[in-house]
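Okay, here's what each chain looks like letter by letter:
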Amino acid sequence: MRVLVVEDDPDIRTSVERGLVAAGLAVDTASSLDDADVQLAINDYDCLVLDRMIPGGDTIDLLIERRRGGDATPALFLTARDAVEDRVDGFEAGGDDYLVKPFALDELIVRVRALCRRRDSVAPSRLVVGDVEIDRARAEVRRDGVLLPLTAKESSILEQLVDHVDTVVTRSHLIEHCWDETHDPMSNVVDVHVSSLRRKLGDPCPIRTVRGQGFILETGT
């Protein structure tokens, strides 16, 4: 899952980015409306985290414009503006959640993950393929009932494969949804993480490499 954090305070921006990355999310950041426009023009996101007043204006105007254009990406306002009318304005602009600063990072992470799942309203919080089970709410993966020590990135990759079970998932798709813009597309980091994931899943491994295309999680393995 990939998130855009729009925040002009560098300390808060860094803290939020690190927290979300540690939770297994891919994160891009923007510090102004112009930066946010550029990111939104070239990337697809599962959730937006928006400070209100930033260089260039109010992100409420940005969200209103996105909603008018048909963009339904869930959005959470993260701002010090705590008046009732501010909250109302945020929701009326198309916001899905509103968290006031100062905030608990753990709470923000839970809310963002919930909004990411909401983007696909039919996606269940618990996914089962054969003897592999993913509990998205608890961020746990089990095989045959045994808890697997997956990293956040490995869990994110497995979620993408489960969401597209029996379908080839390309490396570019995994990069887009599991990594941020700092990823080097020429590196073999995707293959390295998939290899580690396969090793932890054990034999017989349900993940098959499709040469020249990507990876597939097979139900018949």
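Our subject is the structure that appears above.
Scoring rules and cut-offs
- Chains are numbered independently. Their residues run from 1 in the order of the written sequence.
- The model is predicted, so local features are restricted to residues of pLDDT at least 70 and side-chain atom pairs to those at 80 or more, both for listing and for counting; the totals for chains, interfaces and linings are taken over all residues.
- The side-chain values count all of the structure's non-hydrogen atoms but skip hydrogen atoms and water molecules.
- Elements are defined by DSSP. Helices are runs of H or I of four residues or more, strands are runs of E of two residues or more, and each kind is numbered from the N terminus.
- Both definitions apply: the radius of gyration is a C-alpha atom measure, and the globule rule equals 2.2 Å times residues to the power 0.38.
- Partly exposed residues are those whose accessible area sits between 20% and 50% of the maximum for their type, while under 20% is buried and over 50% is exposed, using a 1.4 Å probe and protein chains only.
- The contact definition used throughout considers only heavy atoms, calling two residues in contact when any of these lie within 4.5 Å.
- Accessibility throughout is a Shrake-Rupley quantity obtained with a 1.4 Å probe, and a residue counts as covered only by protein chains that appear here.
- Only four residue types enter the charge count, namely Lys and Arg as positive and Asp and Glu as negative; His and the chain termini do not.
- One atom stands in for each charge, and that atom is NZ of Lys, CZ of Arg, CG of Asp or CD of Glu.
- Throughout this description, the term nonpolar core refers to a set of buried Ala, Val, Leu, Ile, Met, Phe, Trp, Tyr and Cys residues connected via side-chain atoms within 4.5 Å.

## What about the overall build of the protein?
Secondary structure summary: the protein contains 8 helices and 14 strands in total. For 221 residues, the compact-globule estimate of 2.2 N^0.38 gives 17 Å, and the protein sits close to it at 18 Å. Summarising its shape, the C-alpha atoms of the protein cover approximately 55 × 35 × 30 Å along the three principal directions. Buried positions account for 46% of the 221 residues belonging to the protein. Sequence separation of at least 24 residues holds for 58% of the intrachain contacts in the protein that already meet a minimum separation of 6. Here the protein displays about 10900 Å² of accessible surface, and carbon together with sulfur accounts for 49% of that area. In the protein, 27 side chains carry a positive charge and 42 a negative one; their mean positions are 6 Å apart.

## Regarding the nonpolar core
Counting 24 residues, the largest nonpolar core has I157, L158 and I207 as the members making the most contacts within it. For this core, the elements supplying multiple residues, two or more each, are strand 8 (126-129), strand 9 (132-135), helix 6 (152-163), helix 7 (171-178), helix 8 (189-201) and strand 14 (214-217). At 5 residues, the largest contribution of residues to this core is made by helix 8. Non-local contacts of I157, meaning those with residues more than four positions away in its chain, are made with L174, C178, W179, H193, V194 and L197.

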